[in-house]
Each structure stands twice: as C-alpha cells, then as structure tokens.
Amino acid sequence: MKSSRGDFSILFLVFFLLVIYGLFSYYMRTPQYTAHMIELAYKSREPQIIGSCIDLKAVVNHAYDDLTGNMYKGSKMPQNIIELYEQYYRLVKRPVCSGTVKYINDFIATGKWPNSAEQPLLRGRELGIDYEELLLRSLLRDTKVISFGALEQNDDGNVILSVTVKDHYTEMPFVLQLLLVRGSNGLYHVTRILNYSSYLLYVRSLCRNDIEQYRVQTGEQIKKDNDTFLKLQMKFVQCASCLTPDASDKQRQSVVSLINDEIIPAYEQHLNYLRSLKVPTGAVHLNRLRIKSTELTIKSWREYAEGISENNQALVSSAENIHKKAMVIEQKVRDNITDVPALFMPDTP
C-alpha cells in the first residue's frame, strides 16, 4: 500500500514537472518572454542573454540603411550627387556593418565603447568613410534607455515593444519601436528598430535649432578671430620667405618669435573663448570640434616653431601632419554648420 502511494507521488511529481516545463517552453516562445529578456539583458549586459533575444546583425543592417538613407532628407544637394553617395554607401555596407557588430559586442563585453581610431577597419580609412562621424550621427553611443513599455501589435500584425530613450545632446524623450519576429527556433527576436529613421530626424531637427542659435551666438567673435588669423597668416608668409636652406639663425629666430609671440597667443585666446561658452546642448558636438581643431592648430604651430629653431625637418613635417588633422576637423565643423550629409573621409595621410 505504501509502495503504491510512493509510486503515485513520484508519478504526480513527474507529471507536475512536465506541466511546468511545458508551460515554460510555451512561455519562452511568446513575445512577452522576449520582452522580459530584453529588459534583463539591458540591465545585466550578459552577451548570452542579449544574443538570445536580439538579432544584432539584422538590427545593425537595417539601422545602417536608415542612417545613410535619411541624411539626404531636406538636403539641397543635386539628385545625381545624392545617387552617387547612395551607391557608395551600398558598396561599403557589408564591412561597415560587420565592424559595427564587433564594435557593439566589444562594448557588451567590457562596458566601455572601444576607441574606433585604434581599429583599422572601423577607422574606415581603407573604405574612404569617416567612421567616427558615422557613429556620432547614429547616436549609438549617445542614447540612453529610460523605460520599457508594453507590447502591442501594429496595423500589419507585427509585435512591437516600445522603449523610451533620451539622446545625449537634446535630452528629449523619444519612443523607439522594436520589431519582434519569431525565428526558426520558435523564439522571438528583435530584428529592427522600426522608427529609427524618425528618431534620427527628430534629434537632428532639434539640434539644427541649437546649432543656429550657437552660430548666431558666436558669429561675430568667430569672424573677428578668423580675420586676425588671416592677417597673421599673411604676416607669417611674408616673414617666412627668408627660410631658405642657408637662412641665418637671426632669420629663423624672427619667424619663431612671430609664432610664439603673436600667432600662438591669438589661437590660445580663441581656445579660451570656445571653452568659456555656454553652448546649447544640440551644438555641444560642434563646439567640441572647434576646440579640438584649435588645440591641434596650436600644437602644430609649436612643433613648427621648434623645428625651425632647431633646423629639424622631422619636426616641421610632424607639424604639417598635425595641421592636416586640424583641417580635417575644420571640414567637419563646416559640414555640421551647413548640414552636409556626406561621410567621405578627407584624403589625409
């Protein structure tokens, strides 16, 4: 009798476990389970959990199309130029997207965004694309999750998870819509951010207002400083005409004195002005570019003066390379002000 009761208890326990397993297996194949895992993945940053609920390759591929596609909305560029850019972005899509997946996975593993400049593929120089600028425009590193919303179905019957985010520049909330699709294994995965393009345009529109405010705020002083730099450049050209291979120490010193006593102080004053500004949030990136350009310009002038003083051609060449880097950043400044969408890498060594 006791044996029968024991057998029944065992059978009941087995049946109970099977029911629990069946219910959990069913739950794992629901979008609700995936939504829960996404929230858990965001908090824990566990690669295995993230991989189980997000098809990162698919998300990145769709996001790349949205990013490179929406840059031309509202642009006054000729259609034939736009088509040329679009063809170029299609050609480099595969290596850029695969590099971005690795870039994101590195962040997931370490909790820190890698330095894209230290990775040849991601630097984009081989592809002719400015990858760092692409990252900035993607808002990948500048978007913070605020809260997770409820699941719903859109008019097409797709399962959507709403996630409220804020970007670093405007700090305005925006609701992203994550598309959940059932995979071949029966589990739901995020495969796309449906309104990513709208998010980028929304932030860009807000930033354009801040950039215009910043442009008006700094316009008069920037023009004044640029006029000063132009006059000093003309004075330098005239003074440096004496720098022939057989130039005397006195002639070299006159050029060095001009750089150290007039040119560098003018740029340092400009740098202090940029650092002291109260910048609208949407124009912070633009002001940082100007600061970086000015810092590099000062560094290049210092090395150039040192190279002339010591008659050291290696230092002069180094100064010229630093100056080229400053010019690359100046081009980014102009692109941000005029809202030029191209991401081509300037031709620098």
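Criteria and thresholds
- Residues numbered from 1 in each chain as written.
- Predicted model: local features only at pLDDT ≥ 70, side-chain atom pairs only at ≥ 80, totals over all residues.
- Heavy atoms only, no water.
- Helix = DSSP H or I, 4+ residues; strand = E, 2+ residues; numbered from the N terminus.
- Buried < 20%, exposed > 50% of the residue type's maximum accessible area, 1.4 Å probe, protein only.
- Contact = heavy atoms within 4.5 Å.
- Areas by Shrake-Rupley, 256 points an atom, 1.4 Å probe, with all protein chains shown as cover.
- Phe/Tyr/Trp six-rings, centres within 6.5 Å; stacked < 30°, edge-to-face > 60°.
- Axes fitted to C-alpha atoms, helices over the stretch in contact; angles between N-to-C directions.
- Parallel < 35°, antiparallel > 145°, perpendicular 65-115°, else oblique.
- Nonpolar A, V, L, I, M, F, W, Y, C, P; charged D, E, K, R; others polar.
- Lys, Arg positive; Asp, Glu negative; His and termini not counted.
- Salt bridge = Lys/Arg side-chain N within 4 Å of Asp/Glu carboxyl O.
- Core = buried A, V, L, I, M, F, W, Y, C linked by side-chain atoms within 4.5 Å.
- Expected span 1.5 Å × (residues − 1).
- Pairing = 2+ DSSP bridges.

Chemist: When you look at the overall build of the protein chain in this model, what are you seeing that I'm missing?
Modeler: For the protein chain, the helix and strand inventory stands at 12 helices and four strands. The buried share of the protein chain, reckoned over its 349 residues, is 42%. Here the contacts in the protein chain between residues at least 6 apart in sequence split such that 61% fall between residues at least 24 apart. Counting only carbon and sulfur atoms, one obtains 56% of the accessible surface of the protein chain, whose full area is about 20300 Å².

Chemist: In this structure, what is going on with the packing of aromatic side chains? I would like to understand it.
Modeler: The description of two aromatic rings rests on the distance between their centres and on the angle between their planes. Counted by the stated rule, this structure contains 10 aromatic pairs. Here the aromatic rings of Tyr103 and Tyr131 are separated by 6.2 Å at their centres, their planes lie at 80°, and the arrangement is edge-to-face. Of this pair, Tyr103 sits in helix 6 (residues 93-110) while Tyr131 is found in helix 8 (residues 131-138), placing the two residues 28 residues apart along the sequence. Side by side, Tyr103 and Tyr131 carry an identical accessibility label, which is buried.

Chemist: Would you explain the packing of helix 9 (residues 196-240) against helix 10 (residues 249-276) in this entry?
Modeler: In a packed pair of helices, the relevant descriptors are the angle between the two axes and the axis-to-axis distance. The geometry of helix 9 relative to helix 10 is characterised by a closest axis approach of 11 Å and an angle of 175° between their N-to-C directions. One finds that helix 9 runs roughly antiparallel with respect to helix 10. Counted by class, the contact of helix 9 with helix 10 contains 15 nonpolar, six polar and three charged residues.

Chemist: How should unusual backbone geometry be read in this particular structure?
Modeler: Among all residues save glycine, negative phi is the norm, and among peptide bonds the norm is trans. Despite not being glycine, Leu139 shows a phi value in the positive range, around 65°. Within the chain, Asn311 stands out as a residue other than glycine whose phi angle is a positive 55°. Relative to the assigned elements, Asn311 resides in the loop between helix 11 (284-310) and helix 12 (313-338). By relative accessible area, which is 53% here, Asn311 ends up exposed.

Chemist: What's the story with the environment of Leu232 in this structure? I'm lost.
Modeler: When you line up the elements, Leu232 lands in helix 9. Given the relative accessible area of 11%, Leu232 is considered buried. In the structure, Leu232 is positioned 30 residues away from Glu262 in sequence and 7.8 Å away in space, judged by C-alpha atoms. Setting aside residues no more than four positions away along its own chain, Leu232 makes contact with Glu262, Ile263 and Ala266.

Chemist: Is there a simple way to explain the side chain of Asp167 in this structure?
Modeler: As for its placement among the helices and strands, Asp167 is situated in strand 2 (residues 159-167). Comment: no salt bridge for buried Asp167; closest opposite-charge side chain is Lys166, at 9.2 Å. For Asp167, the residues in contact, after removing those within four places along its chain, are Leu139, Asp142, Thr143, Met172, Tyr199 and Val203.

Chemist: I keep staring at the nonpolar core and nothing clicks. Help me out?
Modeler: Nonpolar side chains in soluble globular proteins tend to end up buried together. In this structure, Tyr64, Leu161, Val165, Leu178, Leu180, Tyr196 and Tyr199 are the most contacted members of the largest nonpolar core, which totals 48 residues. Here Leu161 is in contact with Ala35, Ile38, Phe148, Gly149, Ala150, Leu151, Leu176, Gln177, Leu178 and Leu180, once residues within four sequence places are set aside. One finds Ile211, Val279, Leu289 and Ile298 within the second-largest nonpolar core, a separate group that totals 37 residues.

Chemist: Looking at this structure, how should I read the pattern of salt bridges?
Modeler: Oppositely charged side chains are able to pair whenever their charged atoms sit close together. Applying the stated criterion across every chain yields a total of nine salt bridges. Notably, a salt bridge pairs Asp106 with Lys102, separated by 3.1 Å at the nearest N-O pair. Of this pair, Asp106 and Lys102 both sit in helix 6, four residues apart, roughly one helical turn. Residue Lys102 is classed as partly exposed on the basis of its relative accessible area, which comes to 45%. As a salt-bridge pair, Lys223 and Asp227 come within 3.2 Å of each other at their nearest N and O atoms. Here the residue Lys223 and the residue Asp227 both occupy positions in helix 9, the gap between them amounting to four residues, near one helical turn. The exposure class of Asp227 is partly exposed, given its relative accessible area of 35%.

Chemist: Just checking my understanding: could you explain helix 11 for this structure?
Modeler: The terminal C-alpha atoms of helix 11 lie 39 Å apart, and with 27 residues this matches the ideal 39 Å at 1.5 Å per residue to within 8%. Asn311 sits one or two positions beyond helix 11 and adopts a positive phi of about 55°.

Chemist: Is there a simple way to think about the pairing of strand 2 in this case?
Modeler: Within a regular beta strand, the side chains point alternately toward one face of the sheet and then the other, so they alternate between its two faces. Taken across its nine residues, strand 2 has seven buried, putting it largely inside the fold. Examined bridge by bridge, strand 1 (residues 143-153) and strand 2 share eight bridges and lie antiparallel to one another. Each bridged residue has a counterpart across the sheet, and for Ser147 the counterpart in strand 2 is Thr164. Pairing geometry for strand 2 and strand 3 (residues 173-182), over eight bridges, is antiparallel.

Chemist: What is the right way to read the side chain of His285 from this model?
Modeler: Among the structural elements, His285 can be located in helix 11. The residues touching His285, leaving out its near neighbours within four places in the chain, are Glu133, Leu136, Tyr169 and Asn336.

Chemist: Looking at this structure, I do not really get helix 6. What am I missing?
Modeler: Side chains of residues three or four places apart in an α-helix project in the same direction, reflecting 3.6 residues per turn. Relative to the 26 Å expected for 18 residues at 1.5 Å per residue, helix 6 spans 26 Å between its end C-alpha atoms, a close match to the ideal helical length. The set of residues buried in helix 6 consists of Lys93, Val96, Cys97, Gly99, Thr100, Val101, Tyr103, Ile104 and Ile108. Looking one or two residues past helix 6, Gly111 carries a phi angle of roughly 85°, positive in sign.

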